[in-house]
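Understanding the architecture of this molecule
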Amino acid sequence: MAKNMTIHLKVWRQAGPEAPGRLVDYTVKEANEHMSFLELLDVLNEQLIKEEAEPIEFDNDCREGICGSCGLMVGGTAHGPQPRTAVCQLHMRHYNDGDTIVVEPWRAAAFPLIKDLVVDRTAFDRIVAAGGYISATTGGAADANALPIAKEKADAAMDFASCIGCGACVAACPNSSASLFTAAKIAHLALLPQGHPERTRRVVNMVDQMEKEGFGDCSNHAECEAVCPKGISIAGIATMRREYMKAMLSS
Amino acid sequence: MSNRGKSLIAAFRSPVGKKVLTGLTGLGLTLFVLIHMLGNLSYLSSDPDAYNNYADTLLNLGPVLYIIELGLVAFFVIHIVIGINIYRRKRKARAVGYTQYKSVGQPSRLTISSKTMIFTGIIIMVFLVFHLLSFKYGTYYETTTADGAVVRDLKCLMTEKFQQPLYAFGYPIVVILLGFHLRHGIWSAFQSLGATKPRLTPMIYTIGVILAVLIAVGFLFVPLYIFFSQESFSCVLPS
Ligand code: HEM
Ligand code: FES
């Protein structure tokens, strides 16, 4: 039998980008330990709909930790207290009956707020468009073995490629820097021969775009790695810096 | 052109370039404070002329000394200008703050040191002006060493200053803040230069902390020794 819990929430409500926002108190009496955090919000929204109040807007899609749509500051931590877990995979069994949890949106000037807990993360898309791609010939797929890649390299590249673009790194960073996100793409493609043709201009253009979007600079706090649902290492940021220096020297 | 004609200056103004410069200047300044700390310890040498001879050797470097000093000024200016710029951009990058914010701990390196780099830095900057006025541009005393050489008596000036509580206790506060700056700074500089590997990071961080403590503690001895021994002294102005 699932244990029934009462959970108190303080949720950021804001009608629109320019509207004033504030934390609003809610209580969910029918929470249980098997629910995910987003299911808790679903239950709260049903409650609000019944009361004919406006439900809380929050982003989500896959609810299995792979799409990167979800993203909330839960109890002051990006994606909540459970390491390497997107908030859609955070379960209420990590909480106790009667707990109060503060829920806020990602806060960054480069992620303008749309409504309640939803922010606009298209800045990430523009960083990727600036260089996070490779050139591939169209037509029949090339034989997979035509391009040998050492197993260790493939594994390391996969570790960086596992970024789901949720934005937790920016949200948790005291400087609101997008360095981990940007570096993950750069490090991923720098490890693979497919990434080689655009290697130099990729790092320069992506770093430029990151700055233009208004993200802060990196102060090596490493908080991003600690909150990343995929545990992406700040070693990627060191790689990005080496790639950048190489790009400058090879001009 | 592969990097689309980005000039070197533009590259150093980029988010990565700024970090590379902060790291380089930070490590240069760290080397400087380390040597400075070791030099100061010669005050405690059994040879009463050790400190003044050390200072005299430096003063006699002539043009070489000027080049080193110019380099130091440049390092400080670059380090400070970028440090303030990073801080200002960080303030702008989060217009609305969090009501609640908690670090998750390991592998995070977020500490009181990392969060206060700008404040410890600015205190060091203000201190530096006061420090140079007190010593480098302070009273010029003279003494004759055992070898018969007439040299600047900086040792006597130090004794005079550190017998005063303001110096004896103000300096330790600043060097401890410097220790905090370096606790995050040393590892951070390596990461900024891309000179890290995941396997080596814990070691680099630990060595950074140890070095930070050594530098801070090393600077504490002389002021506290002078204050608590209160030896009588008389400094002589050049005739
Ligand atoms: C003896 C003097 C100093 C030493 C040895 C020193 C050393 C360092 C080192 C090693 C770093 C790490 C560099 C990096 O993150 O790449 C650093 C960072 C920093 N320093 Fe200093 N520093 C000194 C003076 C100052 C002064 C006077 C300021 C004044 C503003 C300052 C402000 C900063 C700031 C803000 C950072 C962090 C930069 C960031 O957020 O990335 N430092 N320092
Ligand atoms: S909803 Fe897809 S990762 Fe959370």
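Shown above is the structure to which this text applies.
Throughout what follows, the structure given in this document is the object of discussion. (Residues numbered from 1 in each chain as written. Chains lettered and ligands numbered in written order. Predicted model: local features only at pLDDT ≥ 70, side-chain atom pairs only at ≥ 80, totals over all residues. Heavy atoms only, no water.)

Right, let's talk about the pairing of strand β5 (residues 100–104) of chain A for a bit. Residues and elements named next belong to chain A. Within β5, four of the five residues are buried, leaving the element largely enclosed by the surrounding structure. Alignment of strand β1 (residues 4–14) against β5, held across four bridges, turns out to be parallel. Opposite V11, over in β5, you have V103 as the bridge partner. Of the pairings in the sheet, the one linking strand β3 (residues 73–74) to β5 comprises two bridges and is antiparallel in character. Pairing of M73 across the sheet is with E104, part of β5. (Buried < 20%, exposed > 50% of the residue type's maximum accessible area, 1.4 Å probe, protein only. Helix = DSSP H or I, 4+ residues; strand = E, 2+ residues; numbered from the N terminus. Pairing = 2+ DSSP bridges.)

Moving on: the interface of chain A and chain B. The interface is formed by 54 residues belonging to chain A together with 48 residues belonging to chain B. The contact between chain A and chain B buries some 4,100 Å² in all, and 54% of this surface belongs to carbon and sulfur atoms. Among the residues of chain A in contact with chain B, D217(A), N220(A) and H221(A) are the three that bury the most area, contributing 15% of the side total. For the interface between chain A and chain B, the tally reads two salt bridges. Among the ionic pairs, K18(B) bridges to D217(A), the shortest N-O distance being 2.8 Å. Along the contact surface separating chain A from chain B lie 34 residue pairs in polar contact (both at pLDDT 80 or more). The set of elements that each furnish at least two residues to the side of chain A that touches chain B consists of β5, α4 (168–172), α6 (199–212), α7 (223–227) and α8 (235–249) of chain A. If you tally residues by element for the side of chain A that touches chain B, the top one is α8(A), at 10 residues. (Contact = heavy atoms within 4.5 Å. Buried area = accessible area lost by both parts, 1.4 Å probe. Salt bridge = Lys/Arg side-chain N within 4 Å of Asp/Glu carboxyl O. Polar contact = N/O pair within 3.5 Å; in protein donor to acceptor, adjacent residues only side chain to side chain.)

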